[in-house]
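Observations on chain architecture
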Amino acid sequence: MTEELSLYAGDSLETVVDLYGKMIYRLAYAKTSNIHDAEDIMQEVFLRYAKIGKEGKIFESEEHRKAWLLRVTVNCSKTALRSSWNKRRSHEELDENTPSSDLSMDRADTKLSIRKAVAALSEKYRIIIHLYYFEELSAKEVSDIVGVSENAVKTRLNRARNKLREILKEVDFNG
């Protein structure tokens, strides 16, 4: 018998949600910038995970399971953004669930400043920054998840860092 892990690797669905729920939510939110969409996407990802568990699918390793969850999150996010519902929503509704790009808030809160700056980036940069820095994935892993070359990931990281420098130039991190 091979050393492959079963889908759940002995973990209940609740355990998998506990392990990966925050990561999936943060990624979905980074893609959509919408609280409600991120929650819906997270639910969809775990429904798909449960479904393939019933089909007897297996993962080669814990990293394979994590990569699968991230890839499904990216795909579900893209589907949500392309949906006719999303295209018809009013800008007011989107604005109330989107982080403000106004960085004139309390500048002592560095972490919040950086998260808002990242949220102000376009989606193609925001997702790369999120996976690389917040999920601590390598450029190769990000490449596999997003579906672009490793060089494209590195280029986008560089461009995103430059944009973040510009956005954060006026933020006083020393209080």
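Everything here concerns the structure above.
Please read these numbers as outputs of a predicted model, since none were measured by experiment.

1. Some thoughts on the overall build of the protein
Across its full length, the protein holds 9 helices and 2 strands. By sequence separation, contacts in the protein at least 24 residues apart represent 68% of the contacts at least 6 residues apart. For the protein, the accessible surface area stands at approximately 10400 Å², while carbon and sulfur atoms represent 50% of it.

2. Points about the packing of helix α3 (residues 62-82) against helix α8 (residues 139-146)
Packing of α3 against α8 brings their axes to within 9 Å, and their N-to-C directions diverge by 45°. Judged by the angle between their axes, α3 and α8 are oblique. For the crossing formed where α3 meets α8, the hand is right-handed. Two secondary-structure elements touch here, α3 through Ala-67, Leu-70, Arg-71, Val-74 and Lys-78 and α8 through Asp-144, Ile-145 and Val-146. Split into classes, the residues belonging to the contact of α3 with α8 amount to 5 nonpolar, no polar and 3 charged.

3. Re the packing of helix α1 (residues 13-32) against helix α2 (residues 35-54)
The description of two packed helices rests on the angle between their axes and on the distance between the axes. Between α1 and α2, whose axes approach to 8 Å, the crossing angle comes to 140°. Taken together, α1 and α2 sit at an angle that is classed as oblique. The hand of the α1/α2 crossing is right-handed. On the side of α1, the interface is formed by Leu-13, Val-16, Val-17, Tyr-20, Gly-21, Ile-24, Tyr-25, Ala-28, Tyr-29 and Thr-32, while α2 contributes Ile-35, Asp-37, Ala-38, Glu-39, Ile-41, Met-42, Val-45, Phe-46, Tyr-49 and Ala-50. Split by residue class, the contact of α1 with α2 holds 16 nonpolar, 2 polar and 2 charged.

4. Side note on the pattern of salt bridges
For side chains bearing opposite charge, pairing can occur when the charged atoms are close. Tallied over the entire structure, the rule returns 7 salt bridges. Salt-bridge contacts for Lys-31 lead to Glu-123; the nearest nitrogen and oxygen are separated by 2.2 Å. Note that Lys-31 is positioned in helix α1 and Glu-123 in helix α7 (residues 123-134), a separation of 92 residues in sequence. By relative accessible area, which is 4% here, Lys-31 ends up buried. Arg-48 is paired through a salt bridge with Glu-44; the nearest N and O atoms lie 2.8 Å apart. Taken together, the residues span about one helical turn, with Arg-48 and Glu-44 both in helix α2 at a distance of 4 residues.

5. Points about the nonpolar core
Judged by nonpolar contacts, the single largest core of 37 residues is most densely connected at Leu-69 and Leu-131. Every element with two or more residues in this core is listed here: α1, α2, α3, α6 (110-120), α7, α8 and α9 (150-168). Contacts of Leu-131, omitting those with residues within four sequence positions, involve Leu-27, Leu-70, Glu-136, Leu-137, Val-142, Ile-145 and Val-146.

6. Quick look at the environment of Ile-145
One can find Ile-145 in helix α8. A relative accessible area of 3% places Ile-145 in the buried class. A sequence separation of 14 residues divides Ile-145 from Leu-131, and the C-alpha atoms of the two residues are 9.1 Å apart. If we ignore the near neighbours within four places in the chain, the residues touching Ile-145 are Ala-67, Leu-70, Arg-71, Val-74, Leu-131 and Leu-137.

7. A look at the environment of Lys-66
Summarising the element assignment, Lys-66 is placed in helix α3. Take Lys-66: its relative accessible area is 25%, and that puts it in the partly exposed class. Setting aside its immediate chain neighbours within four residues, Lys-66 contacts Tyr-20, Met-23, Glu-135 and Leu-137.

8. As for the side chain of Glu-135
Mapped onto the elements, Glu-135 comes out in the loop between α7 and α8. In terms of polar contacts, Glu-135 uses its side chain to reach the side chain of Arg-26, at 2.9 Å. Residues contacting Glu-135, with those up to four places away along its chain left out, are Met-23, Arg-26, Lys-66 and His-130.

About the cut-offs
- Residues numbered from 1 in each chain as written.
- Predicted model: local features only at pLDDT ≥ 70, side-chain atom pairs only at ≥ 80, totals over all residues.
- Heavy atoms only, no water.
- Helix = DSSP H or I, 4+ residues; strand = E, 2+ residues; numbered from the N terminus.
- Contact = heavy atoms within 4.5 Å.
- Areas by Shrake-Rupley, 256 points an atom, 1.4 Å probe, with all protein chains shown as cover.
- Axes fitted to C-alpha atoms, helices over the stretch in contact; angles between N-to-C directions.
- Parallel < 35°, antiparallel > 145°, perpendicular 65-115°, else oblique.
- Left-handed = near helix turned anticlockwise from the far one by under 90°.
- Nonpolar A, V, L, I, M, F, W, Y, C, P; charged D, E, K, R; others polar.
- Salt bridge = Lys/Arg side-chain N within 4 Å of Asp/Glu carboxyl O.
- Buried < 20%, exposed > 50% of the residue type's maximum accessible area, 1.4 Å probe, protein only.
- Core = buried A, V, L, I, M, F, W, Y, C linked by side-chain atoms within 4.5 Å.
- Polar contact = N/O pair within 3.5 Å; in protein donor to acceptor, adjacent residues only side chain to side chain.

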